[in-house]
Amino acid sequence: KHPTSSIGWMVQYHKSQRLPLPSHPIQRTSQRRKARTMGTVDILSLSWWLGVIDLAYCVLVRLPCVSLPKFFKDGWDDTDYALKESDAFYKRLADAKISVKPDDGSSADDKGALYPGMKDKIEWDKASKKKLSNDAISVQLGKFMSPMQHALPKGTRQCRFYYVKPTALTLDNLKANKPSHEVVVIMMPATGEAGKTERLAMANRLARDHGWSSVIITAPFYAARKPKDQKLFFINNVKDFFLQTIAIVNEASALAWYFYSEGKSNSRRICVTGFSWGAAMSSLVSITCMLAGIPGQHIACIPYVGSGTPAVLPDGLLQRSIDWDALHDNDKHKSLTRQELKAATLDVFLKFDLDIMANILSDHRKQLLEVEGASLDQVDSRLSLGALRMISGQHDHIITRKYSEPFVEILEKGAVSTKTVAFPVQWLLGGHVTAALAKHWYQIPAIVDAGKAICHD
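No experiment lies behind these values; they were computed from the predicted model shown.

Criteria and thresholds
- Residues numbered from 1 in each chain as written.
- Predicted model: local features only at pLDDT ≥ 70, side-chain atom pairs only at ≥ 80, totals over all residues.
- Heavy atoms only, no water.
- Helix = DSSP H or I, 4+ residues; strand = E, 2+ residues; numbered from the N terminus.
- Buried < 20%, exposed > 50% of the residue type's maximum accessible area, 1.4 Å probe, protein only.
- Contact = heavy atoms within 4.5 Å.
- Areas by Shrake-Rupley, 256 points an atom, 1.4 Å probe, with all protein chains shown as cover.
- Phe/Tyr/Trp six-rings, centres within 6.5 Å; stacked < 30°, edge-to-face > 60°.
- Lys NZ or Arg CZ within 6 Å of the ring centre and 35° of its normal.
- Salt bridge = Lys/Arg side-chain N within 4 Å of Asp/Glu carboxyl O.
- Disulfide = S-S within 2.5 Å.
- Core = buried A, V, L, I, M, F, W, Y, C linked by side-chain atoms within 4.5 Å.
- Pairing = 2+ DSSP bridges.
- Right-handed = clockwise from strand over helix to strand, strands pointing away.
- Expected span 1.5 Å × (residues − 1).
- pLDDT = per-residue confidence, 0-100.
- Axes fitted to C-alpha atoms, helices over the stretch in contact; angles between N-to-C directions.
- Parallel < 35°, antiparallel > 145°, perpendicular 65-115°, else oblique.
- Left-handed = near helix turned anticlockwise from the far one by under 90°.
- Nonpolar A, V, L, I, M, F, W, Y, C, P; charged D, E, K, R; others polar.

Engineer: Is there a simple way to explain the overall build of the chain in this structure?
Structural biologist: Secondary structure summary: the chain contains 17 helices and 12 strands in total. Expressed as a percentage of the 457 residues in the chain, the buried residues total 56%. Relative to all contacts within the chain whose residues are 6 or more apart in sequence, the contacts with residues 24 or more apart total 79%. In the form shown here, the chain has an accessible surface area of approximately 20000 Å², with 53% of it arising from carbon and sulfur atoms.

Printed below as a string of structure tokens:
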């Protein structure tokens, strides 16, 4: 029984069991009557109305009186450069030397590792430990230069993260519930999640209740890594928007490798999670970690309401947050109509897709099976996730099913095997706003469930 199954707000279906979505809650069909599990309340109607909150939110934040900034006020910049950096990253992953016996972490300086020498690169801020820690948890700020520092603008190149771990007192209080393995949860930020407050609260709960550690990473172009001429989290140009993704995937993967390799042989487990944009990043990081040398069976991925492509920005409700006039003011796009400009923008955004990473992983699996002569069990243990928990919004108007369902299928195709402990996708009633408010009820139980699934010898 799944830990959230007793809460009536989660609808879980296998793909073959999903009910067709009603176009309006007043419609009555025999199938929808069968879905009623909350007395006289039709849960799909409730989900539809909760999803309307997404529409209201997007309208409210774009009212003239709110006057929020917009994405890409400086236009495109050199997107070809970002595409080249993306291609270079994919090539590194495709060229990675994969064996069925991965590095056990005893040699972080191994020449075959994608992120060598991390131990010597991290600078710890001792003052932050005194300021943020308490009797239950220890919190310390860490910094290191991004693996993508050559491509990032000045002021964004130093990666910053908070390492949260339970104190000895907390571990003693757990007694019989003391974890059998050290679990480190990499928490990716959502779009605009510049601060650490909400993720720190989640990390605090995981430390107190389960004795697990967490890493809260700050994305490039956010908080202390924000350029001086950027307003809030609204990145100035399309090139930097793409570089942000490539950079944070590399940074989080490097941290995952560091914390995995710092543990005693075979003692640590890695969970990667995030909400919205962070959900997409958690999937990319999970695949990268396997190719960097961490056995897949020691990795759990928990994407919470995400998409496998950034195309949700120009193709959905969030397109209201784009400065289309700035994108139109470009020699390449001046002659285009607004509709043609949106189509051209979508084409560029679709070039950054989870499917590319999944295909690279599949190619490595085929190489091990067909060329190296590895057994299917060996390949599954090495290049398939140990656990996967996916949660999506039943009536999400920000990341619609047009993007959430392919996200599920791509990740299942590329990273799931018979060894992976995975549940069917869980459909949360409502949409994006509902999911944001319900993290502690759904994201944390999913993290705990996935983490426990990979804590076996």
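Now that the structure is up, let's keep going.
Engineer: Got a minute to help me understand the packing of aromatic side chains in this structure?
Structural biologist: Given two aromatic rings, one states the distance between the centres and the angle between the planes to describe the pair. In the structure shown here, the tally under the stated rule is 22 aromatic pairs. By the ring-pair criterion, three or more aromatic residues cluster together here, those being Phe71, Phe72, Tyr222, Phe233, Phe234, Phe241, Phe242, Trp277, Phe349 and Phe352. Positioned above the aromatic ring of tyrosine 162, the side-chain terminus of lysine 196 is 4.9 Å from the ring centre. Directly above the ring of tryptophan 427 sits arginine 401, whose terminal nitrogen or CZ lies 3.9 Å from the centroid.

Engineer: Got a minute to help me understand the pattern of salt bridges in this structure?
Structural biologist: It is possible for side chains bearing opposite charge to pair when their charged atoms get close. Overall, the coordinates contain 13 salt bridges when judged by the stated rule. Residue aspartate 325 is joined to arginine 338 by a salt bridge in which the shortest nitrogen-to-oxygen separation is 3.0 Å. You can see aspartate 325 sitting in helix α11 (residues 324-328) and its partner arginine 338 sitting in helix α12 (residues 338-349), a full 13 residues away along the chain. The exposure class of arginine 338 is partly exposed, given its relative accessible area of 37%.

Engineer: Could you clarify how one ought to interpret the state of the cysteines in this entry?
Structural biologist: Formally, a disulfide is one covalent bond, and it connects the sulfur atom of one cysteine to the sulfur atom of another. Applying the stated rule across the entire model yields zero disulfides. The cysteine cysteine 455 is free of any disulfide, with cysteine 271 supplying the nearest cysteine sulfur at 7.2 Å.

Engineer: Explanation requested: the nonpolar core in the structure shown.
Structural biologist: What tends to happen in soluble globular proteins is that the nonpolar side chains get buried as a cluster. Core analysis: the biggest nonpolar cluster contains 97 residues, and Phe72, Phe161, Ile186 and Met188 have the highest contact counts within it. The element that contributes the greatest number of residues to this core is helix α8 (residues 238-262), accounting for 16 residues. Leu200, Trp212, Tyr442 and Cys455 belong to the second largest nonpolar core, which has 37 residues in total.

Engineer: Is there a simple way to think about the side chain of serine 213 in this case?
Structural biologist: Turning to its location among the elements, serine 213 is positioned in strand β6 (residues 213-218). Among residues more than four places away in sequence, those in contact with serine 213 are Tyr163, Val164, Lys165, Pro166, Val183, Val184 and Val185.

Engineer: How should I be thinking about unusual backbone geometry in this particular structure?
Structural biologist: Outside of glycine, negative phi angles account for most residues, and trans bonds account for most peptide bonds. Phi angles above zero are rare outside glycine, and aspartate 77 is one such case at about 60°. Assignment of secondary structure puts aspartate 77 in the loop between α2 (43-60) and α3 (79-94). Residue classification places aspartate 77 among the partly exposed residues on the basis of a relative accessible area of 47%. Backbone geometry places serine 276, a non-glycine residue, at a positive phi of 65°. Residue position: serine 276 is located in the loop between β7 (268-275) and α9 (277-292). Residue serine 276 is classed as buried on the basis of its relative accessible area of 13%.

Engineer: What am I meant to see in the pairing of strand β3 (residues 137-145) here?
Structural biologist: If a strand is regular, its side chains alternate between the two faces of the sheet. When you tally the buried positions in β3, you get eight out of nine residues, the bulk of the element. Where β3 and strand β4 (residues 158-166) come together, nine bridges link them in antiparallel fashion. Bridging from a neighbouring strand, leucine 141 pairs with tyrosine 162 of β4.

Engineer: For this particular structure, what's the right way to read the pairing of β7?
Structural biologist: Burial analysis of β7 places eight of its eight residues in the buried class, which makes it a mostly covered element. Here β7 shows a buried face lined by Arg268, Ile270, Val272 and Gly274 and a second buried face lined by Arg269, Cys271, Thr273 and Phe275. Two strands pair when backbone bridges link them, and β7 and strand β8 (residues 299-304) are joined in this way by six bridges, in the parallel orientation. Within the sheet, the bridge partner assigned to valine 272 lies in β8 and is cysteine 301. As a crossover connection, the stretch from β7 through α9 into β8 is right-handed.

Engineer: Is there a simple way to think about helix α7 (residues 197-210) in this case?
Structural biologist: An α-helical segment advances 3.6 residues per turn. Residues three or four places apart therefore align on the same side. Its 14 residues place the ends of α7 20 Å apart at the C-alpha level, agreeing with the 20 Å of an ideal helix rising 1.5 Å per residue. Buried-residue contacts for α7 involve β3, β4, α6 (168-174), β5 (182-188), β6 and α17 (439-453). Positive phi appears at glycine 211, one or two residues downstream of α7, with a value of about 75°.

Engineer: Just checking my understanding: could you explain the confidence of the model for the chain for this structure?
Structural biologist: As a general rule, the predicted coordinates of low-pLDDT regions are not to be interpreted in detail. Chain-level statistics for the chain give a pLDDT mean of 83 and a share of 85% at 70 or above. Low pLDDT, under 50, characterises residues 1-40; the predicted model gives this stretch 80 contacts beyond four residues in sequence or across chains. Note that residues 104-112 has pLDDT below 50 and, in this model, 14 contacts with residues that lie over four places away or in other chains.

Engineer: When you look at the packing of α9 against helix α13 (residues 354-371) in this model, what are you seeing that I'm missing?
Structural biologist: For any two helices packed against each other, one specifies the crossing angle of their axes together with the interaxial distance. Close contact between α9 and α13 brings their axes to 10 Å; oriented N to C, the two are set at 25°. It follows from the interaxial angle that α9 and α13 lie roughly parallel. Where α9 crosses over α13, the handedness of that crossing is left-handed. Residue-level contacts link Ser283, Leu284, Ile287, Thr288, Met290 and Leu291 of α9 to Leu354, Met357, Ala358, Ile360, Leu361 and His364 of α13. Its residues assigned to classes, the contact of α9 with α13 comprises nine nonpolar, three polar and no charged.

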